[in-house]
Amino acid sequence: MNTLFNTTFESEEASHYHNDVHLRPRTYDLQESNVNLKLTIVDTVGFGDQINKEESYKPIVDYIDTQFENYLQEELKIKRSLFNYHDSRIHACLYFIAPTGHSLKSLDLVTMKKLDSKVNIIPIIAKSDTISKSELHKFKIKIMSELVSNGVQIYQFPIEDEAVTEINSSMNAHLPFAVVGSLEEVKVGNKMARARLYPWGSVQVENESHCDFVKLREMLLRVNMEDLREQTHARHYELYRRCKLEEMGFKDTDPDSQPFSLQETYEAKRKEFLGELQHKEEEMRQMFVNKVKETEAELKEKERELHERFEQLKRMHQEEKRNLEEKRRDLEEEMNAFNRRKVAAETLMGQALQGCSQQPFKKDKDKKKLTCQTASQAGALLFTYDWYCRCSRPMSHR
């Protein structure tokens, strides 16, 4: 582009590690003598660098459609000013082809097929000085053959105007153009020329026997610039406009070839849109109701599980309470029985002591017998009492 317009554009070198393709437009105001040109250059940064190249063409197509849409919105305004409108539509696509000498890549064929109905495609073989003249000629023939066999429609220079018929016919035969670019001026013979120097010689950019750069510049900037603009508006934009209006429900005639009413079309489209909106609203409402029902069912299920868990814990608590009550009753019965035995023991001990005090003057034999019996009973009573005392005292006092 610098060589084509003989200037140096501000450009940032893009890396080849982008995750996707994005377009970078830049607008410049060029002036040569008394001719002013407003030029917009759009770089397709990252094109062809991804491993999966299936969707590489989509950002380019979307960008072109966006410019068409902006122009259409300006046209549909009640008060429009197309004369002062900055037309950002793409008028020419310079599609660079790698000088491999083999067939076109599948990415090139798919991309050009997607773009041929939206922009004027001019195929260019870049760095054409890397292959020989004979290989370059065969490569051009192979490229044009593959484009025709795949149904890719590239821009053909018009031959209807008698003033440019001859030159455009010869230029169509040179497609795709094989170009070389360079801003370096070297001395060739007795004059300075833009060229690329090699150990074996030099390749002059503006020498038509070396490359097709001059042909490209003549066709693009001098002879067919207005035709490129006209083709963009009359062919590509009109196709986009017609498809867009048909999507909106507008048409030239109805099936009976009767003129249609714009108001009726608008009302019909409005009713259709409102019907679709209401249908989507009903779907969303039904979806919301179903979601609420599912949530309620889940909550009820969790509530049932919690209730079952509560009932289980309640039964376990009642069972433990019943066991504790039984143990308490058994303990009370043991305490009552112990108290009864204690009272009985104390009563027997009192009776024994009372009996010994009332009979002091019996015979020695009887006295000895009584004393032995009393001692025996007292020993039993003391044993019983001592057992009670040891059971009732803490372990530290036993």
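Structural notes, computed from the coordinates. For every chain, the first residue of its written sequence is number 1, and the numbers climb from 1 along that sequence. Reporting in this predicted model follows two pLDDT cut-offs: at least 70 for local features of residues, and 80 or more for side-chain atom pairs to be given and counted; totals over whole chains, interfaces and linings ignore these cut-offs and use all residues. Heavy atoms throughout the structure, all of them, feed into the side-chain values; hydrogens and water do not.

### What to know about the sheet that holds strand S7 (residues 191-198)
Here is step 1: At least two DSSP bridges between two strands are required for those strands to pair. Note on conventions: DSSP H or I runs of at least 4 residues are helices, E runs of at least 2 residues are strands, and numbering of each starts at the N terminus. Across the sheet, which stays open at both edges, the three strands sit in the order S6-S7-S8 with antiparallel pairing between neighbours. Of all the strands in the sheet, the pair left with one neighbour each is strand S6 (185-188) and strand S8 (201-204). Direction aside, the axes of adjacent strands within the sheet are offset by 70° on average.
Here is step 2: Bridge analysis of S6 against S7 gives four bridges, and the strand direction is antiparallel. Along S7, the bridge assignment pairs Val188 with Lys191. To obtain an axis, a line is fitted to C-alpha atoms, over the contacting stretch when the element is a helix, and the angle between two such axes runs from 0 to 180 degrees between their N-to-C directions.

### Let's talk about the side chain of Lys118
Here is step 1: Tracing the chain through its elements places Lys118 in the loop between helix H3 (106-115) and strand S4 (121-125).
Here is step 2: The classification of residues rests on relative accessible area computed with a 1.4 Å probe and restricted to protein chains. Under 20% of the type maximum is buried, over 50% is exposed, and intermediate values are partly exposed. When its relative accessible area of 19% is taken as the criterion, Lys118 is described as buried.
Here is step 3: Only 3.0 Å separates the side chain of Lys118 from the side chain of Asp65, close enough to count as a polar contact.
Here is step 4: Ignoring any residue separated from it by four or fewer positions in sequence, one finds Lys118 in contact with Val61, Ile64, Asp65, Phe68 and His236. Counted as a polar contact is a pair of N or O atoms within 3.5 Å, where, for protein atoms, one must be capable of donating a hydrogen and the other of accepting one, and residues adjacent in sequence contribute only when both atoms are in side chains. Any pair of residues with heavy atoms lying within 4.5 Å of one another is described as a contacting pair.

### Side note on the pairing of strand S1 (residues 22-32)
Here is step 1: Direction of pairing for S1 relative to strand S2 (residues 35-45): antiparallel, over a ladder of eleven bridges. Residue pairing for S2: Tyr28 is matched across the bridge by Leu39.
Here is step 2: If you look at the hairpin formed by S1 and S2, you'll find two residues sitting between the two strands, and Ser33 has a positive phi there, around 60°.

### Thoughts on the layout of surface pockets
Here is step 1: A 1.4 Å probe that fits into a set of points on a 1 Å grid over the protein atoms alone but cannot get out defines a cavity; an open set with protein on both sides within 12 Å along at least five of seven lines defines a pocket, and lining residues are those with an atom within 4 Å of a point. Grid points are joined across faces, edges and corners, and a volume is the space filled by probe spheres set on the points. Estimated volume of the second largest pocket: approximately 540 Å³.
Here is step 2: In terms of lining residues, the second largest pocket is bounded by 15 residues, among which Leu4, Phe5, Glu32, Leu37 and Leu221 are the most central.
Here is step 3: Mapped by element, the contributors of at least two residues to the lining of the second largest pocket are helix H1 (2-5), S1, S2 and helix H6 (213-223).
Here is step 4: When the residues that make up the lining of the second largest pocket are grouped by side-chain class, the tally is seven nonpolar, four polar and four charged. Gly is put with the polar residues, along with every residue not named as nonpolar or charged; the nonpolar set is Ala, Val, Leu, Ile, Met, Phe, Trp, Tyr, Cys and Pro, and the charged set is Asp, Glu, Lys and Arg.

### Here's the deal with the pattern of salt bridges
Here is step 1: In the sections that follow, a salt bridge refers to a side-chain nitrogen of Lys or Arg positioned within 4 Å of a carboxyl oxygen of Asp or Glu. Counting across every chain of the model gives 21 salt bridges.
Here is step 2: A salt bridge links Glu75 to Arg241, with the nearest nitrogen and oxygen atoms 3.7 Å apart. Of this pair, Glu75 sits in helix H2 (residues 58-75) while Arg241 sits in helix H7 (residues 225-247); the two residues are 166 residues apart in sequence, bridging distant segments of the chain.
Here is step 3: For Glu282, the salt bridge identified is with Arg285, shortest N-O distance 2.9 Å. You can see Glu282 and its partner Arg285 sitting in helix H8 (residues 262-358), three residues apart, about one turn around the helix.
Here is step 4: For Glu282, a relative accessible area of 41% gives the class partly exposed.

### A closer look at the packing of aromatic side chains
Here is step 1: Here a Phe, Tyr or Trp ring, Trp counted by its six-membered ring, pairs with any other such ring whose centre lies within 6.5 Å, and the pair is stacked when the planes are under 30 degrees apart, edge-to-face when over 60, and tilted otherwise. Scanning all chains against the criterion turns up ten aromatic pairs.
Here is step 2: Their ring planes at 80° and their centres at 6.0 Å tell us that Phe5 and Phe9 sit as a pair that is edge-to-face. Pair check on accessibility: Phe5 and Phe9 agree, each one buried.
Here is step 3: Ring geometry for Tyr71 and Tyr85: centres 5.6 Å apart, planes at 70°, overall edge-to-face. Of this pair, Tyr71 sits in helix H2 while Tyr85 sits in the loop between H2 and strand S3 (93-97), and the two are 14 residues apart along the sequence.
Here is step 4: For Tyr85, a relative accessible area of 22% puts it in the partly exposed group.
Here is step 5: Linked through ring pairs, Phe68, Tyr71, Tyr85, Tyr237 and Tyr240 together constitute an aromatic cluster.
Here is step 6: Should the NZ of a Lys or the CZ of an Arg lie within 6 Å of a ring centre and within 35 degrees of the ring normal, that charge is described as sitting over the ring. A cation over an aromatic ring shows up here: Arg89 above the ring of Tyr71, its NZ or CZ 3.8 Å from the ring centre.
Here is step 7: Its end group placed over the ring of Tyr237, Arg89 keeps NZ or CZ at 5.1 Å from the ring centre.

### Here's the deal with H7
Here is step 1: To estimate the expected span of a helix, count its residues, drop one, and scale the result by 1.5 Å. For H7, spanning 23 residues, the distance from its first C-alpha to its last is 32 Å, which sits close to the expected 33 Å at 1.5 Å a residue.
Here is step 2: We define the bend at each residue as the angle formed by axes fitted to the 7 residues ending at it and the 7 residues starting at it. Along H7, the helix axis deviates most sharply at Tyr237, where the bend reaches about 35°.
Here is step 3: By the burial criterion, the buried members of H7 are Asp227, Leu228, Thr232, His236, Tyr237, Tyr240 and Leu245.
Here is step 4: Its buried side turned inward, H7 meets H2 and H6.

### Focus on the pairing of S7
Here is step 1: Between the end of S6 and the start of S7, which pair antiparallel, lie two residues, with Gly189 showing a positive phi angle near 70°.
Here is step 2: Pairing between S7 and S8: four bridges, direction antiparallel. By the bridge assignment, Arg196 is partnered in S8 with Val203.

### Some remarks on the sheet that holds strand S5 (residues 177-178)
Here is step 1: Pairing is parallel across the open sheet formed by three strands, whose spatial order is S3-S4-S5. Two strands in the sheet have a free side with no partner beyond their single neighbour: S3 and S5.
Here is step 2: Here helix H4 (residues 133-149) sits on the sheet and contacts S3, S4 and S5; the angle it forms with S4, its principal contact strand, is near 150°.

### Some thoughts on empty space enclosed by the protein
Here is step 1: Under the counting rule described, the total for this entry stands at one cavity of 30 Å³ or more.
Here is step 2: Estimates place the volume of the largest cavity at around 40 Å³.
Here is step 3: Ile97, Ala98, Thr100, Ser103, Leu104, Lys105 and Asp108 together form the lining of the largest cavity.
Here is step 4: In terms of residue class, the lining of the largest cavity is made up of three nonpolar, two polar and two charged.

### Structural notes on the nonpolar core
Here is step 1: For this analysis, a nonpolar core means a set of buried residues of the types Ala, Val, Leu, Ile, Met, Phe, Trp, Tyr and Cys, connected via side-chain atoms within 4.5 Å. In this structure, Leu115, Ile122, Leu147 and Phe177 are the most contacted members of the largest nonpolar core, which totals 56 residues.
Here is step 2: The element that contributes the greatest number of residues to this core is H2, accounting for seven residues.
Here is step 3: Leu115 has contacts with Ile60, Val61, Ile64, Cys93 and Ile121, leaving out every residue within four places of it along the chain.

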